[in-house]
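# Tertiary structure, described
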Amino acid sequence: MTSATPPDLPVQLATFVGRQSELAAVRALLDTGRLVTLTGTGGVGKTRLAAQVAAAEVARRPDGVWWVELAAVSDQARLAELVATRLGVLVEPLQGPVRSMTAQLRGRRALLCLDNCEHVIDGAAELTGALLSSCPELSVLITSREPLAVPGEVVWRVPPLAPDEALRLFVERGRQVRQLFGLDQEGEAAARVLCSRLDGIPLAIELAAAWLGSLTPQQIERGLDDRFGLLVRGPRGVAARQQTLAASIAWSHDLLDEPDRAVFRRLAVFPSGFDLDAVRTVCAGGVVARDDVLAGIGRLVDKSLVVAETRGGVSRFLLLETIRDYAADRLREAGEIHLVRDRHLGHFLAFSAGGPERAANLDAWRARLEGEYDNLRAALEWGLAATDPDRGRRLAAELSWLWHLHRHGHEGIAFLRRAIDRVPTDRSLLQARLLTGLALVADTTSPLDMEYDVARQALELATAHGDESLRGQCLSLAAVGRFYTDFTAAWDLTVEAIRSADLAGDQLFKHSQLALQGMIRQLQDRHDEARPLLEAALDGLRHRHRGIASTTLAYLSSGALASGRPAEARRLAEQSLELAEPLGDYLRVGMARGALAAAHTASGDVSAALEAMRPLLLLMENAEAAVFVPGMGAALAQVLMAGGDLDGALRWFEHDVRQAEHVAPTYLAAQVHAGYAEALRRAGRYEDARGELDRAAAIAGELGMPRVLADVLQQQALLTGDPDLHHEALTIRVAHGLRTFWVDSLDAIAAWLAPPNAVRTLAASTTARAALGYPRRVAERREYDELLARLRQTLGEQFATAWAAGAELSLDDAVAYVRRSRGTRDRPAAGWDSLTPTELSVARLAATGLNNPQIGARLFMSRSTVKTHLSHIYAKLGVANRTELAGVASFTDDRDSGGGRNTPERATGLNATGGVI
């Protein structure tokens, strides 16, 4: 029968002969046990049987059947990485692949098949044990020459083919060589004898049948008989069937012409599959003419010594593990290991070179290299271990873009460090490229640890060598490193980087820096400037760098959300995730999902927001350490707080706060401290909330983040009961186009207005929220309902009239109405209590020595506005200049530790360093 193979399983190019009873037996074992290991000697048919079982199980496994070939895995540590890649799960770098898989596979009714585990038996046992203990619905099917020896394992030894099945296999494979092949009486007798001599081992029978194009069954049987005479000299303790297979491979090998033998043994250098271009480079030379290599591969395929397969319409080839072991022994005997591995390194060094292809379409280049990752890794190991590591170092430099996008970023960092450390005092351009590559991989793997410092080292070397393109890359990466903590320095670096990119004609880095400029402007809430920068960058990045394009879309989504376009924000976030998902990059996917969750939360769909974050939530719930994905914990916390889960929100805010403690203050910390403060206030932890607001205000003031400052002012108003702070928050939101959040200010201010005005304001806010698609969160709805009930009771019949009047107001008119209704506060004419909150903020900052431009930058106002406020402050306090103001402020701090309503500390939340809330 012909196998029915789903896409995830190995393609069976030949019919599956017999084994019906074995197939039923193994499936029955999977019904009662969750771990079944098929054991047996090489060539006995473990893989073919397991693949057939897997194909038959598809209908019973609603969450999937996954097949992972482990023959090319060279060490235990990489096994789990390969399995995670094959399963397409997100790998949280600090947890590692095993824990990441257990988190995401829990509850999945699936079958995982691990093929050829014997050389990584310890790693396979550890991984399987972890998965089975954490994922009760998961089953595992193993093929290995030896059992895993873990609890719950059911070991089933694959038997040889029954005599009639063995004969049928010989005939069917013979018909692949000779279409009309059949057996007469003598031929059948010889075929039965040789099948018996081959112990019913399918691979051995297929190797023998491959010669039916030139030999009769009788000749094959006699040749094998001669070869088997050598078995008596085989090593002690080796199983007879293992000796039988070795003898049949040797017999088939000895029948080859010398050029084909040379091609055959040289193929052992490939750890997994290979294509014809690689074969030409690696196998030609000596007795093998370059033009004869392809014909030789064809003859080896005909003799079943090489397996041909097709992936995505591209022909590839491989050696079965047992045959590859035999070929490797022949390669050693021929003394060609160094020669062939050097050729292998040379081919994949040339193969990995980016050039125009990488510049034009980084994703296509990456996909091409990912298909050869095992070969690239093997070539890199050989090159870096060489006496002269130059070619290995060059290969490491080429692969930095792959590791930047690949899920194995930590492996890339290790390789790049090895390459740099091989010649630690080197000042060459190659060393500059390696340092640049290290910064590039750190960008997505460990950006807050090393990126800026390494980029500056690389920049020094690139400048010394006059390489403008590399210099631009270094400047770009340095800008990204500064982005988290210093917007001004980052912006200046982007300007210089774009200049270098233009000189070098480097469009990728130019557009990446335009994206970074857009991100900086957006975080500064200069959205009219940010949007065109981000859109221009996106046009240049979609086909050059999906990762940065995805992040650019996430920022566009955030900007749309803040600017009054929540529906557009959701659409952009969906596009961001669509671009990021195929990359399997934890950072990019995390940012895209965070943006989508924020958009869903704003539109009131908390269930959709939680679903968007679910894959990340599964990982983070089991994390012992916090991994870096910008704002991911805070995004989860905001979703939970919007849905009314305050305890959950506090837990995730604390996750990001702990992370922020280990690095310099970042824009992320400002956002997290502000959100955490709201959660703490709602939990009744008022002093803790004030501390978080101080921290948020200090960072937001330093970096220039109006939205955060407005949020802080609103929370401070709710803590202190000072409505003027609500008006200050609204002023900032209006000045910086934070249109979506105007309604939050309207709701907050309404509680302090006279009842008719309050109703009009709430009606206008409610109408605007409906138009925006920005409903109130759970806690806000409760507060709104309580306030509305009191207003109904107070106004009686007038309520409906006031509501109708407010509902007619546009959002702009409602904001103007509220700002006009602010009226005169009950303040004395002089002294500290006469100062407005804004005047108090200006006074304290002036007293600490800041000049007018610095105060303006902190409080988001012009120099002339600062000057006007200072003139009012001097008049109210009876002072003539900054020096006298500083003396009065110092005296007040010493005299009054908190008694007055408007002391500087209490009214403005000024912290010890002068930051204003």
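Just so it is clear, the structure is predicted and the values come from calculations on it, not from any experiment. (Residues numbered from 1 in each chain as written. Predicted model: local features only at pLDDT ≥ 70, side-chain atom pairs only at ≥ 80, totals over all residues. Heavy atoms only, no water.)

## Observations concerning the pattern of salt bridges
- Following the criterion strictly, the structure yields 50 salt bridges and no others.
- Linking R19 and E22 is a salt bridge whose minimum nitrogen-to-oxygen distance equals 3.4 Å.
- When its relative accessible area of 3% is taken as the criterion, R19 is described as buried.
- Between E258 and R261 there is a salt bridge whose closest N-O contact spans 3.8 Å. (Salt bridge = Lys/Arg side-chain N within 4 Å of Asp/Glu carboxyl O. Buried < 20%, exposed > 50% of the residue type's maximum accessible area, 1.4 Å probe, protein only.)

## Description of the pairing of strand β1 (residues 35-39)
- Counted residue by residue, β1 has five buried out of five residues, so it is predominantly covered.
- Along β1, one buried face is formed by L35, T37 and T39 and the opposite face, lined by V36 and L38, is buried too.
- One ladder, built from four bridges, connects β1 with strand β4 (residues 139-143); its direction is parallel. Residue pairing for β4: L35 is matched across the bridge by V140.
- Sheet analysis places β1 next to strand β5 (residues 153-157), joined by five bridges and oriented parallel. Following the sheet pairing, L35 is matched in β5 by E153. (Helix = DSSP H or I, 4+ residues; strand = E, 2+ residues; numbered from the N terminus. Pairing = 2+ DSSP bridges.)

## Here we look at empty space enclosed by the protein
- Counted according to the given criterion, the structure contains one cavity of 30 Å³ or more.
- Reported here for the largest cavity is a volume of approximately 340 Å³.
- Lining the largest cavity are 25 residues, and of these D443, V480, M519, I548 and R588 sit closest to its centre.
- For the lining of the largest cavity, the elements supplying multiple residues, two or more each, are α19 (390-405), α21 (429-445), α23 (468-483), α25 (507-523), α27 (546-562) and α29 (586-602).
- Counting residues per element, the lining of the largest cavity draws most heavily on α25, which supplies seven residues. (1 Å grid on protein atoms, 1.4 Å probe; cavity = no way out; pocket = protein on both sides within 12 Å on 5 of 7 lines; lining within 4 Å. Points joined across faces, edges and corners; volume = space filled by probe spheres on them.)

## Observations concerning the sheet that holds β1
- Within the open sheet, the five strands sit side by side as β2-β3-β4-β1-β5. Their pairing is parallel. Across the chains shown, the open sheet's two edge strands, defined by having one partner strand only, are β2 (65-69) and β5. Each neighbouring strand pair of the sheet contributes to a mean axis angle of 15 degrees, computed without reference to strand direction.
- On top of the sheet, helix α1 (residues 20-32) reaches β1, β3 (111-115), β4 and β5; it is set at about 175 degrees to β5, its chief contact. (Axes fitted to C-alpha atoms, helices over the stretch in contact; angles between N-to-C directions. Contact = heavy atoms within 4.5 Å.)

## Digging into helix α22 (residues 451-465)
- Taking 1.5 Å as the rise per residue, α22 with 15 residues should run 21 Å; its terminal C-alpha atoms sit 21 Å apart, in good agreement.
- Where α22 terminates, the next one or two residues include G466, which has phi positive at roughly 70 degrees. (Expected span 1.5 Å × (residues − 1).)

## Observations concerning helix α18 (residues 373-385)
- In this model α18 runs 18 Å from its N-terminal to its C-terminal C-alpha over 13 residues, within 8% of the 18 Å that 1.5 Å per residue would give.
- A large share of α18 lies buried, amounting to 11 of its 13 residues.
- For α18, the full list of buried residues reads Y373, D374, N375, L376, R377, A378, A379, L380, W382, G383 and L384.

## Description of the confidence of the model for the protein
- On average, residues of the protein score 85 in pLDDT, and 90% of them are at 70 or above.
- The least confident element of the protein is helix α46 (residues 904-908), whose mean pLDDT is 33; the most confident is helix α37 (residues 742-750), at 96. (pLDDT = per-residue confidence, 0-100.)

## Quick look at the packing of aromatic side chains
- Tallied over the full model, the rule gives 16 aromatic pairs.
- Here the aromatic rings of Y484 and Y667 are separated by 6.0 Å at their centres, their planes lie at 5 degrees, and the arrangement is stacked. Separated by 183 residues along the polypeptide, Y484 in the loop between α23 and α24 (487-504) and Y667 in helix α33 (residues 667-682) bring together distant segments of the chain. Neither Y484 nor Y667 differs from the other in exposure class; each is buried. (Phe/Tyr/Trp six-rings, centres within 6.5 Å; stacked < 30°, edge-to-face > 60°.)

## Some remarks on the environment of F483
- Structurally, F483 is set in helix α23.
- Apart from residues no more than four positions distant in its own chain, F483 is found in contact with A490, L516, M519, I520, L523, Y555 and Y667.

## A closer look at the side chain of Q524
- Here Q524 shows up in the loop between α25 and α26 (527-541).
- For Q524, a relative accessible area of 12% translates into the label buried.
- Residue contacts for Q524: discarding those within four places in its chain leaves F487, L703, G704, P706 and H736.

## Structural notes on the side chain of T37
- Within the fold, T37 resides in strand β1.
- On the accessibility criterion, T37 (0% relative accessible area) is buried.
- In this structure the side chain of T37 is engaged in a polar contact, spanning 2.5 Å, whose partner is the side chain of E153.
- In contact with T37, other than residues within four places in its own chain, are I142, S144, E146, P147, L148, E153, V154, V155 and W156. (Polar contact = N/O pair within 3.5 Å; in protein donor to acceptor, adjacent residues only side chain to side chain.)

## Concerning the nonpolar core
- With 222 residues, the main nonpolar core has F170, L267, F483, Y667 and M705 as its most contacted residues.
- Within the second largest apolar cluster, 32 residues are counted, among which are W66, V68, A80 and L82. (Core = buried A, V, L, I, M, F, W, Y, C linked by side-chain atoms within 4.5 Å.)

## Some words on unusual backbone geometry
- Unlike most non-glycine residues, D199 shows phi in positive territory, near 60 degrees.
- Within the element layout of this structure, D199 appears in the loop between α7 (185-197) and α8 (202-209).
- Note on D199: relative accessible area 25%, which makes it partly exposed.
- Non-glycine residue S304 carries a positive phi angle of around 65 degrees.
- With respect to the secondary-structure elements, S304 resides in the loop between α13 (293-302) and β6 (307-311).
- Under the relative-accessibility criterion, S304 is labelled partly exposed at 24%.

## Re the packing of α25 against α27
- Interaxial distance between α25 and α27 falls to 10 Å at its minimum, and their mutual angle equals 25 degrees. By the angle between their axes, α25 is roughly parallel relative to α27. In this structure, α25 crosses over α27, and the sense of that crossing is left-handed. Between α25 and α27, the residues in contact are S512, A515, M519, Q522 and L523 and I548, T551, T552, Y555, L556, S558 and G559, respectively.
- Its residues assigned to classes, the contact of α25 with α27 shows six nonpolar, six polar and no charged. (Parallel < 35°, antiparallel > 145°, perpendicular 65-115°, else oblique. Left-handed = near helix turned anticlockwise from the far one by under 90°. Nonpolar A, V, L, I, M, F, W, Y, C, P; charged D, E, K, R; others polar.)

## Describing the packing of α24 against α25
- Two numbers describe how α24 lies on α25: the axes approach to 9 Å, and their chain directions differ by 160 degrees. With respect to α25, the element α24 is oriented roughly antiparallel. Remark: the crossing between α24 and α25 carries left-handed chirality. Counting all contacts with α24, which are made through F487, A490, W491, T494, V495, A497, I498, A501 and D502, the residues of α25 involved are F509, K510, Q513, L514, L516, Q517, I520, R521 and L523.
- For the contact of α24 with α25, a count of residues per class yields 12 nonpolar, three polar and three charged.

## Brief notes about the environment of L791
- By secondary structure assignment, the location of L791 is in helix α39 (residues 778-795).
- A sequence separation of 40 residues divides L791 from A751, and the C-alpha atoms of the two residues are 9.8 Å apart.
- Ignoring anything within four residues of it in the chain, the contact list for L791 reads P755, A758, V759, L762, G796 and F799.

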